[in-house]
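Below, each chain spelled out in residue letters.
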2 protein chains.
Amino acid sequence: MSLRVGIVGATGAVGEELLQVMEQRRFPVGELVPTASARSSGRVVRFQGRDWPVRPLDRAALRECDVVFLSAGAAVSRALAPELLAGRARLYDNTSAFRLDPAVPLVVPEVNPHRLTPAHRHAAVANCTAILLVLALAPLERRFGLERVVVSTYQAVSGAGRQALERLKDELRRELAGEPLATGGPPPFAFNCIPSIGELDPADTVAARTTGEERKVGDEVRRILERPDLPIVATCVRVPVLRAHSESVLVELRDRDASLADVCAALRAAPGVELRDDVARGVMPMPRLAAGGDGIQVGRIRPADRPGSFTFFLAGDQLRKGAALTAVQLAELQFPR
Amino acid sequence: MSLRVGIVGATGAVGEELLQVMEQRRFPVGELVPTASARSSGRVVRFQGRDWPVRPLDRAALRECDVVFLSAGAAVSRALAPELLAGRARLYDNTSAFRLDPAVPLVVPEVNPHRLTPAHRHAAVANCTAILLVLALAPLERRFGLERVVVSTYQAVSGAGRQALERLKDELRRELAGEPLATGGPPPFAFNCIPSIGELDPADTVAARTTGEERKVGDEVRRILERPDLPIVATCVRVPVLRAHSESVLVELRDRDASLADVCAALRAAPGVELRDDVARGVMPMPRLAAGGDGIQVGRIRPADRPGSFTFFLAGDQLRKGAALTAVQLAELQFPR
């Protein structure tokens, strides 16, 4: 098998990660069609030992691909998807455009792979924070039933894109040199926690108190778990970490008799979960350790304040497992070798 | 009034902040007795335009002080307090040594000043994270009754002391220069989130799943609010911020009819609380903005998933309001002008 693979947004943070993941997993790419916005024209991407010129959004070439990964923002996906589906390509969409569309499955391979059938030519990859969270929630839902989830996040700056990452580094260099930061722009990433990620809906005064990221985490986790009734209280915060998101999670289980040992066992057995749960020996999830990994780290598991209530900490690479790797895994499900 | 004021731990992060706060508030210091461990011998501290030589732990001189601020760790306070109380000094203790001692009041001036009477010659200053949290919880407890608190923290590296702060900066310089970090030591602060603050109790396998900081937050907030029954689920995490802690807080109120407007009004009216609650306009609590401030910032206030359940974010300077300022305020209560 040799596939023609297109990438929309090939020079972005997720695009670059997609290339790395496909190479590492030997995804059967015969021809690569890397595309990006006009800003990246003239650039090349390195893949399988070759330089591939980055093209502008070449719709005709993309329509002839077997596989297209969409990671250039929701507006681009919305505009492009119907046109590409008129061709032969199967789409794996890293943007939020179709994640709540009932016709487009929202699939995390370790959780609900059965929702992706051969008939589906367009699959949505969930929000990075939602993917990392649902990997830990799914085994608890399956074994004990979830009644409520409260989550506070610690999200890396690379989640805001490559330019944000460069801005963080530049701010840190200035601060360490004792130079003043530019004023008047967005709040600095350096040495800061910013409790606002994603766009607000200015039309809705109630929803405007919930950020876009917080809404996505709730809506997407509920959809993946097929629990439209599940209460999820999310607070999403940007922290000055380069890579890998962390999450502090409280769960209330239906099964009030679930013991700490039961919960640890369920998490230990879950695909995509690595237990790092011995804080007395310094063994705990940390973004620096989780960066580059294929799953999430879970630790600090402990009983909370009432029967069936537990709390834990997790960390996972949001560009890799939270985006690129999950997208490639979905393609692998549809193009088995 | 002109007081003889001793500081135990004068060259530490809290000690230096104490000097600044006393100067800014014109606390009536006639003579200063700055003491520190042998490591600081030969140093001076600057106060009211003068250099004061730092002495080793001069017990005789401290016993003759009117006021002694203790901020050199719990072991030093435990050893020193009985001896100093045999003299004339009133002690304001920034360490954890006596915070749960029924004979020593644990007072946050904005919350329970009536617990500090003229007869008390030893008062405990609460843990920094607990002080910041209780400033927001107290008005909610008073007006609506608290039923449960869930908090995840984002704690600055200066909370781990001056050496930790220097280590963070050194790590960042190395990382930005592409140099490797030292391996084998404690986990790096740079670009990391560390979900472990404070000592674990190795003797107790259940408690060993809760860190020292998490235990302090629960125990001390319960004591200050005089609600020994209040469930508090805390997860304490170190983030690469220089100064000011942040906290993501969920509260469940007894009064299920409390509206968002009621909760905002109660917080707005609370002493020591500054509302920054308009995320759509970028107005939110952030540690960079909270550093150097005398109170906490509260924002992102929103209803959670059930009646009487709300969530919010706060930030406050843990060295200033979380330690030094609160200690000086306690002294001001006992030495009014």
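Residues numbered from 1 in each chain as written. Chains lettered and ligands numbered in written order. Predicted model: local features only at pLDDT ≥ 70, side-chain atom pairs only at ≥ 80, totals over all residues.

Asker: Tell me about the overall build of chain A, residues and numbers included.
Answerer: Across its full length, chain A carries nine helices and 13 strands. Principal-axis analysis of the C-alpha atoms gives chain A an extent of 60 × 55 × 45 Å. Evaluated residue by residue, chain A yields a buried proportion of 54% over its 337 residues. Long-range contacts, defined here as pairs at least 24 residues apart, represent 68% of the contacts in chain A between residues at least 6 apart. (Helix = DSSP H or I, 4+ residues; strand = E, 2+ residues; numbered from the N terminus. Buried ≥ 20, exposed ≤ 12 C-beta atoms within 10 Å, placed from the backbone. Contact = placed C-beta atoms within 7 Å.)

Asker: For the pairing of strand S9 (residues 232-235) of chain A, give the residues involved together with the corresponding values.
Answerer: Residue and element names in this part refer to chain A. On S9, burial covers both faces: Ile232 and Ala234 on one face and Val233 and Thr235 on the other are all buried. Here strand S8 (residues 146-154) pairs with S9 via four bridges, running parallel. Its bridge partner being in S9, serine 152 is matched across the sheet by threonine 235. (Pairing = 2+ DSSP bridges.)

Asker: Tell me about the domain arrangement of chain A, and please be specific about residues and values.
Answerer: All names here are of chain A. Domain boundaries in chain A define domain 1 (3-125 + 323-334) and domain 2 (130-318). A separation of 25 Å is found between the C-alpha centroids of domain 1 and domain 2. Listed by partner, the interface residues are 13 residues for domain 1 and 16 residues for domain 2. In terms of residues, the side of domain 1 that touches domain 2 owes the most to one element, helix H9 (residues 320-334), which gives three residues. Classifying every residue of the side of domain 1 that touches domain 2 by side-chain character gives seven nonpolar, four polar and two charged. (Domains from an automatic or database assignment. Nonpolar A, V, L, I, M, F, W, Y, C, P; charged D, E, K, R; others polar.)

Asker: Describe the sheet that holds strand S12 (residues 296-303) of chain B, listing the residues and the values that go with them.
Answerer: Residues and elements named next belong to chain B. Pairing is mixed across the open sheet formed by six strands, whose spatial order is S9-S8-S10-S13-S12-S11. Looking along the sheet, the strands with just one partner apiece sit at the ends: strand S9 (232-235) and strand S11 (273-275). This sheet shows a mean twist of 25° between the axes of neighbouring strands, independent of strand direction. Note that strand S10 (residues 245-253) and strand S13 (residues 309-316) share eight bridges and pair antiparallel. The residue bridging glutamate 247 from the neighbouring strand is leucine 314, located in S13. Contacts from helix H6 (residues 212-225) reach strand S8 (146-154) and S9 within the one sheet, and its direction differs from that of S9 by about 145°. (Axes fitted to C-alpha atoms, helices over the stretch in contact; angles between N-to-C directions.)

Asker: Run through the relation of the copies chain B and chain A, naming residues and quoting values.
Answerer: Least-squares fitting of chain B to chain A yields an RMSD of 0.0 Å, with the superposition described by an axial translation of 0.0 Å and a rotation of 180°. On the angle and the small slide along the axis, the relation comes out as a two-fold axis. (Least-squares fit on C-alpha atoms with pLDDT ≥ 70 in both.)

Asker: Can you break down the interface of chain B and chain A residue by residue, with the values?
Answerer: Often, the extent of an interface is quoted as the loss of accessible area on bringing the components together. Contact residues are listed per partner, giving 46 residues for chain B and 46 residues for chain A. For the side of chain B that touches chain A, the secondary-structure elements that each account for two or more residues are S8, helix H5 (162-176), S9, S10, helix H8 (287-290), S12 and S13 of chain B. Looking at the side of chain B that touches chain A residue by residue, the classes come out as 29 nonpolar, nine polar and eight charged.

Asker: An account of the packing of helix H4 (residues 128-144) of chain A against helix H7 (residues 260-268) of chain A is needed here, citing residue identities and associated values.
Answerer: All names here are of chain A. Following both chains from N to C, one finds H4 and H7 inclined at 125°, their axes separated by 9 Å at the closest point. Of the possible angle classes, the one that applies to H4 and H7 is oblique. Crossing angle aside, the handedness with which H4 passes H7 is right-handed. Residues Ala136, Pro139, Leu140 and Arg143 of H4 form the contact with H7, whose own contacting residues are Val263, Ala266 and Leu267. Here the residues of the contact of H4 with H7 sort into six nonpolar, no polar and one charged. (Parallel < 35°, antiparallel > 145°, perpendicular 65-115°, else oblique. Left-handed = near helix turned anticlockwise from the far one by under 90°.)

Asker: Explain the pairing of strand S1 (residues 3-8) of chain B to me, and be specific about the residues and the numbers.
Answerer: Residue and element names in this part refer to chain B. Where S1 meets strand S2 (residues 29-35), six bridges bridge the pair, whose relative direction is parallel. From the neighbouring strand, leucine 3 faces S2, where its bridge partner is valine 29. Following the backbone out of S1, through helix H1 (residues 13-24) and into the adjacent parallel S2, one traces a crossover that is right-handed. As paired strands, S1 and strand S5 (residues 67-70) are joined by four bridges and run parallel to one another. By the bridge assignment for S5, isoleucine 7 is matched with phenylalanine 69. (Right-handed = clockwise from strand over helix to strand, strands pointing away.)

Asker: Give a detailed account of the nonpolar core, specifying residues and quantitative values.
Answerer: A:Val134, A:Leu135, B:Val134 and B:Leu135 are the most contacted members of the largest nonpolar core, which has 217 residues in total. For A:Leu135, the residues in contact, after removing those within four places along its chain, are A:Val108, A:Glu110, A:Val111, A:Ala270, A:Gly272, A:Val273, A:Gly295 and A:Ile296. (Core = buried A, V, L, I, M, F, W, Y, C linked by C-beta atoms within 7 Å.)

Asker: So, helix H3 (residues 74-85) of chain B: which residues are in play, and what are the values?
Answerer: Residues and elements named next belong to chain B. Taking 1.5 Å of rise per residue, the twelve residues of H3 would be expected to cover 16 Å, and the 16 Å separating its terminal C-alpha atoms lies within 8% of that figure. Buried within H3 we find Ser77, Leu80, Ala81 and Leu84. The arc enclosing the buried residues of H3, seen along the axis, measures out at 120°, which places them on a common side. Projecting away from the buried face of H3 at angles above 90 degrees are the exposed residues Ala75, Pro82 and Glu83. Its buried side turned inward, H3 meets S1, helix H2 (59-63), S5, strand S6 (90-93) and strand S7 (122-124). (Expected span 1.5 Å × (residues − 1). Arc of directions from axis to C-beta.)

Asker: I'd love a proper account of the sheet that holds strand S12 (residues 296-303) of chain A, names of residues and values included.
Answerer: Sheets are built from strands that pair by backbone hydrogen bonding, the pairs being arranged parallel or antiparallel. All names here are of chain A. Here we have six strands laid out as an open sheet, ordered S9-S8-S10-S13-S12-S11, and mixed in their pairing. Looking at the sheet topology across the chains shown, the edges are occupied by S9 and strand S11 (273-275). Ignoring which end each strand starts from, the neighbouring axes of this sheet average 25° apart. Summarising the sheet, S12 and strand S13 (residues 309-316) pair through six bridges and their orientation is antiparallel. In the strand pairing of S13, proline 303 is matched with phenylalanine 310. This element, helix H6 (residues 212-225), spans S8 and S9 of the sheet and lies at about 145° to S9.

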